[in-house]
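# Coordinate inspection notes
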Amino acid sequence: MIEIKNIEKSFGGVKILKGVSSVFEAGKTNLIIGQSGSGKTVLLKSLLGIHTPEVGTISFDGRIYSDLSADEKREIRTEIGMLFQGSALFDSMTVAENVGFPLKMFTNDSNSKIQDRVDFVLKRVNLVGAHKKLPSEISGGMQKRVAIARAIVNNPKYLFCDEPNSGLDPNTAILIDNLIKEITEEYNITTVVNTHDMNSVMEIGDNILFLKNGVKAWQGNKEEIFLTENEAIVEFVYSSNLFKKVREAYLKG
Ligand SMILES: Nc1ncnc2c1ncn2[C@@H]1O[C@H](COP(=O)(O)OP(=O)(O)OP(=O)(O)O)[C@@H](O)[C@H]1O
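- Under an unreviewed UniProt entry, the protein has the name Phospholipid/cholesterol/gamma-HCH transport system ATP-binding protein and belongs to Flavobacterium granuli.

Below is the structure:
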């Protein structure tokens, strides 16, 4: 579980996050949504330790990040898996080398242990037989699976995903969303997903934090988002025609 309390973050005197508090639970797919510029990426980067909030605390299963020693902070970073926007695979490495990379870099595991773990995670993301391919030889959806395999290869407690569906067709996007949700539940990971995608909201939104101008404007799950009268969320939801129609149909029963 990750708990953020009253997070404030500014750049050049401009406050971007204005006292955001929330809880991201283990085994749940926690989404951060909001319009462009609302502060989603700044919040995700704060969770990753890339930005340091001026005010507020971030606790990883009770461990308040700003109170930890450098070694303890490093320990938390080893417990994080990151799925980058656009997959960010190394072009010159095979699928297996990409997936094994974090273990090679950050552990003393033997080659055969790394190989076993790579086999296991590639099987888990349904990519058996792709080990020797280069990223350029596989589809965008497969690349995303490789990136997911790499993000979970070190058995993370926390998984952060930045726009996991960007550049994918709607069918592939749903498969990737569901894979993230399944893995989150299976391994009891605290997953935080930054997304614009209203399909993701409907598909995997266990817990949705809606940011507006750096403030938490609403929080709830994918059923509650249809029922809420909260003006900010209704306005946001109604900016998507598809979602508007789904919401209206849902409310009519
Ligand atoms: N390093 C930085 N220095 C200065 N301003 C920044 C920095 N990072 C973000 N900002 C500003 O903070 C605001 C929120 O940016 P952020 O990237 O978090 O938005 P977002 O909700 O993720 O948007 P998008 O959906 O377009 O990615 C923007 O006005 C942005 O210009």
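## Focus on the sheet that holds strand E2 (residues 14-24)
- Taken in spatial order, the four strands line up as E2-E1-E4-E5 in an open sheet, and their pairing is antiparallel. For this open sheet the edge positions go to E2 and strand E5 (63-64), each flanked by a neighbour on one side alone.
- In this structure, strand E4 (residues 55-60) lies alongside E5, joined through two bridges in antiparallel fashion. Considered in E5, the bridge of Ser-59 is made with Ile-64.

## Some details on the pattern of salt bridges
- Taken as a whole and judged by the stated rule, the model has twelve salt bridges.
- Among the salt bridges present, the one from Glu-79 reaches Lys-157, with a minimum N-O distance of 4.0 Å. Taken together, the residues Glu-79 in the loop between helix H2 (70-78) and strand E6 (80-83) and Lys-157 in the loop between helix H5 (140-152) and strand E7 (158-162) connect sequence positions 78 residues apart.
- Between Glu-235 and Lys-212 there is a salt bridge, with its nearest N and O atoms 3.4 Å apart. Taken together, the residues Glu-235 in helix H9 (residues 231-237) and Lys-212 in strand E9 (residues 207-212) connect sequence positions 23 residues apart.
- Connected through shared salt-bridge partners, Arg-63, Glu-79 and Lys-157 make up one network.

## Quick look at the packing of helix H3 (residues 95-106) against helix H4 (residues 111-124)
- Contact geometry of H3 with H4 gives a least axis separation of 9 Å together with a crossing angle of 120°. What the angle tells us is that H3 and H4 run oblique. As H3 runs across H4, the sense of the crossing is right-handed. Between H3 and H4, the contacting residues are Val-95, Ala-96, Val-99, Gly-100, Leu-103 and Lys-104 on the first element and Asn-111, Ile-114, Arg-117, Val-118, Val-121 and Leu-122 on the second.
- Across the contact of H3 with H4, the residue classes tally to eight nonpolar, two polar and two charged.

## Considerations on the site of the ligand
- Around the ligand, the structure places Phe-11, Ile-16, Gln-35, Ser-36, Gly-37, Ser-38, Gly-39, Lys-40, Thr-41, Val-42 and His-196.
- In the model, an oxygen atom of the ligand is placed 2.7 Å from a nitrogen or oxygen of the Lys-40 side chain.
- Calculation on the ligand without its partners gives an accessible area of 630 Å², and the protein chains cover 58% of this total.
- Counting residues per element, the shell around the ligand draws most heavily on helix H1 (residues 40-47), which supplies three residues.
- Residue composition of the shell around the ligand, by class: three nonpolar, seven polar and one charged.

## Concerning a nonpolar patch on the surface
- Among the surface-exposed residues, Leu-227, Tyr-250 and Leu-251 lie close enough to one another that they form a single nonpolar patch of about 290 Å² accessible area.
- Inspection of the secondary structure puts Tyr-250 in helix H10 (residues 241-252).
- We classify Tyr-250 as partly exposed; its relative accessible area is 38%.

The rules we used
Residues numbered from 1 in each chain as written. Predicted model: local features only at pLDDT ≥ 70, side-chain atom pairs only at ≥ 80, totals over all residues. Heavy atoms only, no water. Pairing = 2+ DSSP bridges. Helix = DSSP H or I, 4+ residues; strand = E, 2+ residues; numbered from the N terminus. Salt bridge = Lys/Arg side-chain N within 4 Å of Asp/Glu carboxyl O. Axes fitted to C-alpha atoms, helices over the stretch in contact; angles between N-to-C directions. Parallel < 35°, antiparallel > 145°, perpendicular 65-115°, else oblique. Left-handed = near helix turned anticlockwise from the far one by under 90°. Contact = heavy atoms within 4.5 Å. Nonpolar A, V, L, I, M, F, W, Y, C, P; charged D, E, K, R; others polar. Near = heavy atom within 4 Å. Polar contact = N/O pair within 3.5 Å; in protein donor to acceptor, adjacent residues only side chain to side chain. Areas by Shrake-Rupley, 256 points an atom, 1.4 Å probe, with all protein chains shown as cover. Patch = residues over 30% accessible without salt bridge, like charges linked within 9 Å, V, L, I, M, F, W, Y side chains within 5 Å. Buried < 20%, exposed > 50% of the residue type's maximum accessible area, 1.4 Å probe, protein only.

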